[in-house]
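Working through the structure, step by step
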Amino acid sequence: MLKKLLPIFILLIILILNNSIYAQIIKGEAIVGYNISKVEGDRVNNGIIAFNKIGLNVGLGVLVPLGKNFDINMEVLYTQKGAYRKYGYSPDSATPNYQTKLNYAEVPLLIQYTDRDRITVGTGLAYSRLVDVKWVVNGRTITNNVNDGYYATDNLDWLLDFRLRIWQQLKLNIRYSYGLTSIWSGPDDALLETQAGEMQSSDQRSSMLSFRLIWIFNEKQSARNLNQENE
(Lines give C-alpha, C1' and ligand atoms only; values in the text may rest on other atoms or scores of the structure.)
Protein backbone atom coordinates (compact mmCIF):
# COMPACT_ATOMS: atom_id res chain seq x y z
CA MET A 1 0.00 0.00 0.00
CA LEU A 2 2.84 2.40 0.83
CA LYS A 3 4.40 1.78 -2.60
CA LYS A 4 1.14 2.90 -4.22
CA LEU A 5 0.97 6.06 -2.10
CA LEU A 6 4.63 7.03 -2.53
CA PRO A 7 4.34 8.45 -6.11
CA ILE A 8 1.47 10.69 -4.99
CA PHE A 9 3.49 12.03 -2.04
CA ILE A 10 6.45 12.71 -4.36
CA LEU A 11 4.21 14.56 -6.82
CA LEU A 12 2.80 16.63 -3.95
CA ILE A 13 6.29 17.67 -2.82
CA ILE A 14 7.33 18.55 -6.39
CA LEU A 15 4.26 20.76 -6.83
CA ILE A 16 5.10 22.61 -3.61
CA LEU A 17 8.77 23.13 -4.38
CA ASN A 18 8.27 23.92 -8.06
CA ASN A 19 7.05 27.46 -7.38
CA SER A 20 9.22 29.49 -5.01
CA ILE A 21 6.57 32.19 -4.57
CA TYR A 22 3.81 29.81 -3.52
CA ALA A 23 6.27 27.88 -1.35
CA GLN A 24 6.45 30.95 0.87
CA ILE A 25 2.70 31.04 1.52
CA ILE A 26 1.72 27.37 1.27
CA LYS A 27 0.42 25.67 4.40
CA GLY A 28 0.76 22.02 5.35
CA GLU A 29 -1.67 19.66 7.07
CA ALA A 30 -1.31 16.55 9.23
CA ILE A 31 -4.61 14.66 9.31
CA VAL A 32 -5.89 11.89 11.57
CA GLY A 33 -9.43 10.68 12.13
CA TYR A 34 -12.02 8.08 11.26
CA ASN A 35 -14.88 7.42 8.83
CA ILE A 36 -18.35 6.02 9.29
CA SER A 37 -19.72 4.76 5.99
CA LYS A 38 -22.33 2.75 4.12
CA VAL A 39 -23.02 1.68 0.55
CA GLU A 40 -26.23 2.79 -1.17
CA GLY A 41 -27.64 0.11 -3.47
CA ASP A 42 -26.21 -3.00 -1.78
CA ARG A 43 -29.59 -3.83 -0.11
CA VAL A 44 -27.86 -3.79 3.28
CA ASN A 45 -27.95 -0.16 4.39
CA ASN A 46 -30.69 1.10 2.08
CA GLY A 47 -33.19 3.24 3.94
CA ILE A 48 -31.07 3.18 7.08
CA ILE A 49 -29.80 6.54 8.30
CA ALA A 50 -27.02 5.01 10.40
CA PHE A 51 -23.52 4.66 8.95
CA ASN A 52 -22.41 1.25 10.23
CA LYS A 53 -18.86 0.73 8.89
CA ILE A 54 -16.00 2.36 10.84
CA GLY A 55 -12.58 2.97 9.29
CA LEU A 56 -9.41 5.07 9.40
CA ASN A 57 -8.83 8.40 7.68
CA VAL A 58 -5.19 9.59 7.85
CA GLY A 59 -2.83 11.55 5.63
CA LEU A 60 -1.20 14.83 4.67
CA GLY A 61 -2.34 17.91 2.80
CA VAL A 62 -1.42 21.33 1.47
CA LEU A 63 -3.35 24.62 1.42
CA VAL A 64 -2.60 27.23 -1.24
CA PRO A 65 -4.15 30.64 -0.37
CA LEU A 66 -6.21 32.44 -3.00
CA GLY A 67 -6.39 35.84 -1.40
CA LYS A 68 -7.32 36.48 2.22
CA ASN A 69 -10.21 34.07 2.79
CA PHE A 70 -10.01 31.38 0.09
CA ASP A 71 -7.73 28.35 -0.17
CA ILE A 72 -7.20 25.49 -2.57
CA ASN A 73 -6.84 22.31 -0.49
CA MET A 74 -5.20 19.12 -1.77
CA GLU A 75 -4.79 16.02 0.40
CA VAL A 76 -3.28 12.55 0.11
CA LEU A 77 -5.18 10.10 2.31
CA TYR A 78 -5.44 6.49 3.29
CA THR A 79 -9.14 5.96 3.92
CA GLN A 80 -11.30 2.95 4.77
CA LYS A 81 -14.88 2.72 3.52
CA GLY A 82 -17.50 0.03 2.99
CA ALA A 83 -20.58 -1.44 4.63
CA TYR A 84 -21.29 -3.54 7.70
CA ARG A 85 -24.35 -5.09 9.23
CA LYS A 86 -24.56 -7.75 11.91
CA TYR A 87 -27.63 -9.13 10.17
CA GLY A 88 -27.05 -9.04 6.45
CA TYR A 89 -29.11 -9.93 3.42
CA SER A 90 -30.08 -13.35 4.86
CA PRO A 91 -30.89 -12.75 8.57
CA ASP A 92 -31.98 -16.32 9.35
CA SER A 93 -28.79 -17.99 8.15
CA ALA A 94 -26.44 -19.74 10.57
CA THR A 95 -23.98 -16.86 10.83
CA PRO A 96 -25.83 -13.76 9.63
CA ASN A 97 -23.47 -10.92 8.80
CA TYR A 98 -22.40 -8.68 5.94
CA GLN A 99 -19.11 -6.80 5.54
CA THR A 100 -17.61 -4.86 2.68
CA LYS A 101 -14.13 -3.51 3.48
CA LEU A 102 -12.83 -1.08 0.88
CA ASN A 103 -9.49 0.64 1.50
CA TYR A 104 -8.38 3.49 -0.74
CA ALA A 105 -5.53 5.83 -1.55
CA GLU A 106 -7.51 9.04 -1.98
CA VAL A 107 -6.65 12.49 -3.36
CA PRO A 108 -9.29 15.14 -2.49
CA LEU A 109 -9.19 18.60 -4.10
CA LEU A 110 -11.35 21.35 -2.56
CA ILE A 111 -11.90 25.08 -2.60
CA GLN A 112 -12.42 26.48 0.91
CA TYR A 113 -13.65 29.72 2.46
CA THR A 114 -12.61 30.80 5.97
CA ASP A 115 -14.70 33.26 8.00
CA ARG A 116 -13.06 35.31 10.77
CA ASP A 117 -10.11 32.92 10.89
CA ARG A 118 -12.25 30.39 12.78
CA ILE A 119 -14.84 28.61 10.62
CA THR A 120 -14.01 27.08 7.23
CA VAL A 121 -16.41 25.58 4.70
CA GLY A 122 -15.49 23.95 1.43
CA THR A 123 -16.53 21.67 -1.37
CA GLY A 124 -14.77 19.66 -4.03
CA LEU A 125 -14.04 16.25 -5.52
CA ALA A 126 -11.96 13.28 -4.48
CA TYR A 127 -10.33 10.66 -6.71
CA SER A 128 -9.71 7.35 -4.99
CA ARG A 129 -7.80 4.21 -5.97
CA LEU A 130 -8.79 0.89 -4.42
CA VAL A 131 -5.78 -0.73 -2.73
CA ASP A 132 -7.40 -3.44 -0.61
CA VAL A 133 -10.78 -5.19 -0.49
CA LYS A 134 -12.64 -7.82 1.52
CA TRP A 135 -16.25 -8.88 0.95
CA VAL A 136 -17.73 -11.26 3.52
CA VAL A 137 -21.31 -12.55 3.50
CA ASN A 138 -22.62 -14.87 6.22
CA GLY A 139 -19.12 -15.84 7.29
CA ARG A 140 -17.97 -16.66 3.72
CA THR A 141 -15.28 -14.51 2.09
CA ILE A 142 -16.41 -13.88 -1.47
CA THR A 143 -13.33 -11.85 -2.38
CA ASN A 144 -10.21 -10.40 -0.77
CA ASN A 145 -8.39 -9.54 -3.99
CA VAL A 146 -8.65 -6.18 -5.78
CA ASN A 147 -7.96 -7.93 -9.10
CA ASP A 148 -11.07 -10.13 -8.84
CA GLY A 149 -13.00 -7.29 -10.44
CA TYR A 150 -15.99 -7.13 -8.13
CA TYR A 151 -15.25 -3.55 -7.08
CA ALA A 152 -14.11 -0.64 -9.24
CA THR A 153 -10.47 0.30 -8.78
CA ASP A 154 -11.09 3.99 -9.60
CA ASN A 155 -13.79 6.15 -8.04
CA LEU A 156 -14.89 9.78 -7.84
CA ASP A 157 -16.70 11.37 -4.88
CA TRP A 158 -18.28 14.74 -4.13
CA LEU A 159 -17.22 16.36 -0.83
CA LEU A 160 -18.76 18.86 1.58
CA ASP A 161 -16.33 20.02 4.26
CA PHE A 162 -16.65 21.94 7.56
CA ARG A 163 -13.77 22.96 9.86
CA LEU A 164 -13.66 24.68 13.23
CA ARG A 165 -10.52 26.00 14.91
CA ILE A 166 -10.41 24.56 18.44
CA TRP A 167 -6.89 25.47 19.60
CA GLN A 168 -4.06 27.37 17.91
CA GLN A 169 -3.43 25.53 14.59
CA LEU A 170 -5.62 22.56 15.53
CA LYS A 171 -8.93 22.21 13.70
CA LEU A 172 -11.88 19.87 14.06
CA ASN A 173 -13.10 18.67 10.68
CA ILE A 174 -16.41 17.07 9.66
CA ARG A 175 -16.66 15.95 6.04
CA TYR A 176 -19.44 14.31 4.05
CA SER A 177 -18.73 12.46 0.81
CA TYR A 178 -20.98 10.75 -1.70
CA GLY A 179 -19.96 8.63 -4.66
CA LEU A 180 -20.41 10.08 -8.13
CA THR A 181 -19.45 6.72 -9.63
CA SER A 182 -20.52 3.18 -8.76
CA ILE A 183 -18.10 1.14 -6.67
CA TRP A 184 -19.43 -2.10 -8.19
CA SER A 185 -17.79 -3.40 -11.37
CA GLY A 186 -18.55 -7.12 -11.13
CA PRO A 187 -20.95 -9.19 -13.25
CA ASP A 188 -24.68 -9.09 -12.58
CA ASP A 189 -24.76 -12.77 -11.66
CA ALA A 190 -22.46 -12.02 -8.69
CA LEU A 191 -24.99 -9.62 -7.15
CA LEU A 192 -26.74 -10.98 -4.08
CA GLU A 193 -30.45 -11.60 -3.71
CA THR A 194 -32.39 -11.35 -0.45
CA GLN A 195 -34.81 -14.03 0.65
CA ALA A 196 -37.58 -11.58 -0.23
CA GLY A 197 -36.34 -11.62 -3.82
CA GLU A 198 -34.69 -8.18 -3.79
CA MET A 199 -31.55 -8.03 -5.90
CA GLN A 200 -28.56 -5.82 -5.15
CA SER A 201 -28.14 -2.93 -7.56
CA SER A 202 -25.19 -2.75 -9.94
CA ASP A 203 -25.18 0.99 -9.18
CA GLN A 204 -23.69 1.08 -5.68
CA ARG A 205 -22.50 4.40 -4.23
CA SER A 206 -20.32 5.06 -1.19
CA SER A 207 -21.79 7.44 1.40
CA MET A 208 -19.57 8.54 4.26
CA LEU A 209 -19.02 10.93 7.17
CA SER A 210 -15.49 11.68 8.36
CA PHE A 211 -14.46 13.12 11.72
CA ARG A 212 -10.87 14.34 11.77
CA LEU A 213 -8.33 16.45 13.61
CA ILE A 214 -6.11 18.61 11.39
CA TRP A 215 -2.95 20.38 12.46
CA ILE A 216 -1.96 23.29 10.17
CA PHE A 217 1.74 24.01 9.59
CA ASN A 218 3.19 27.35 8.46
CA GLU A 219 -0.13 29.12 9.03
CA LYS A 220 1.15 32.34 10.66
CA GLN A 221 4.12 32.69 8.32
CA SER A 222 1.84 32.11 5.35
CA ALA A 223 -0.50 34.89 6.48
CA ARG A 224 2.40 37.34 6.94
CA ASN A 225 3.91 36.53 3.53
CA LEU A 226 0.54 36.78 1.82
CA ASN A 227 -0.08 40.20 3.37
CA GLN A 228 3.36 41.42 2.28
CA GLU A 229 2.74 40.14 -1.25
CA ASN A 230 -0.56 42.04 -1.45
CA GLU A 231 0.86 45.32 -0.19
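Residues numbered from 1 in each chain as written. Predicted model: local features only at pLDDT ≥ 70, side-chain atom pairs only at ≥ 80, totals over all residues. Heavy atoms only, no water.

Here we take up the confidence of the model for the protein chain. Averaged over every residue, the pLDDT of the protein chain is 84; the share at 70 or more is 77%. Per-element averaging of pLDDT across the protein chain places helix α2 (residues 20-23) at the bottom with 50 and strand β8 (residues 170-179) at the top with 97. (pLDDT = per-residue confidence, 0-100. Helix = DSSP H or I, 4+ residues; strand = E, 2+ residues; numbered from the N terminus.)

This part covers the pairing of strand β9 (residues 205-217). As paired elements, strand β1 (residues 27-40) and β9 share 13 bridges and run antiparallel to each other. In the strand pairing of β9, Ile36 is matched with Leu209. In the sheet, β8 pairs with β9 via 9 bridges, with the strands oriented antiparallel. Following the sheet pairing, Asn173 is matched in β9 by Arg212. (Pairing = 2+ DSSP bridges.)

Okay, the pattern of salt bridges next. All chains considered together, the criterion is met by 13 salt bridges. The residue Asp117 makes a salt bridge to Arg165 at a minimum N-O spacing of 3.2 Å. Here Asp117, found in the loop between β4 (98-115) and β5 (119-137), pairs with Arg165, found in strand β7 (residues 154-167); they are 48 residues apart in sequence, far enough to count as distant. Classification of Arg165 as buried rests on a relative accessible area of 13%. A salt bridge links Arg175 to Asp161, with the nearest nitrogen and oxygen atoms 2.7 Å apart. You can see Arg175 sitting in strand β8 and its partner Asp161 sitting in strand β7, a full 14 residues away along the chain. The residues Arg175 and Asp161 share a single accessibility class, namely buried. Within this structure, Glu29, Glu75, Asp161, Arg163, Arg175 and Arg212 form a network of salt bridges that share partners. (Salt bridge = Lys/Arg side-chain N within 4 Å of Asp/Glu carboxyl O. Buried < 20%, exposed > 50% of the residue type's maximum accessible area, 1.4 Å probe, protein only.)

On to the environment of Asn155, then. Inspection of the secondary structure puts Asn155 in strand β7. Overall, Asn155 belongs to the buried group, its relative accessible area being 5%. The spatial distance from the C-alpha of Asn155 to the C-alpha of Arg205 is 9.7 Å, given a sequence separation of 50 residues. Those residues within four positions of Asn155 in sequence are excluded, and the remaining contacts are Tyr104, Ala126, Tyr127, Ser128, Thr181, Ser182 and Ile183. Within the structure, Asn155 has its side chain in polar contact with the backbone oxygen of Ala152 (distance 3.3 Å). (Contact = heavy atoms within 4.5 Å. Polar contact = N/O pair within 3.5 Å; in protein donor to acceptor, adjacent residues only side chain to side chain.)

Of the pairings in the sheet, the one linking β5 to strand β6 (residues 140-143) comprises 3 bridges and is antiparallel in character. Each residue of the ladder has a partner; that of Val136, found in β6, is Thr141. Linking β5 to β6, which pair antiparallel, is a turn of 2 residues; within it Asn138 sits at a positive phi near 50°.

Below, the discussion takes up the environment of Leu164. Secondary-structure assignment places Leu164 in strand β7. On the accessibility criterion, Leu164 (23% relative accessible area) is partly exposed.

Right, let's get into empty space enclosed by the protein. All told, the structure shown has 3 cavities of 30 Å³ or more when counted by the stated rule. Contributing to the lining of the largest cavity are Lys81, Tyr104, Ser128, Asn155, Asp157, Gly179, Thr181, Ile183 and Ser206. (1 Å grid on protein atoms, 1.4 Å probe; cavity = no way out; pocket = protein on both sides within 12 Å on 5 of 7 lines; lining within 4 Å. Points joined across faces, edges and corners; volume = space filled by probe spheres on them.)

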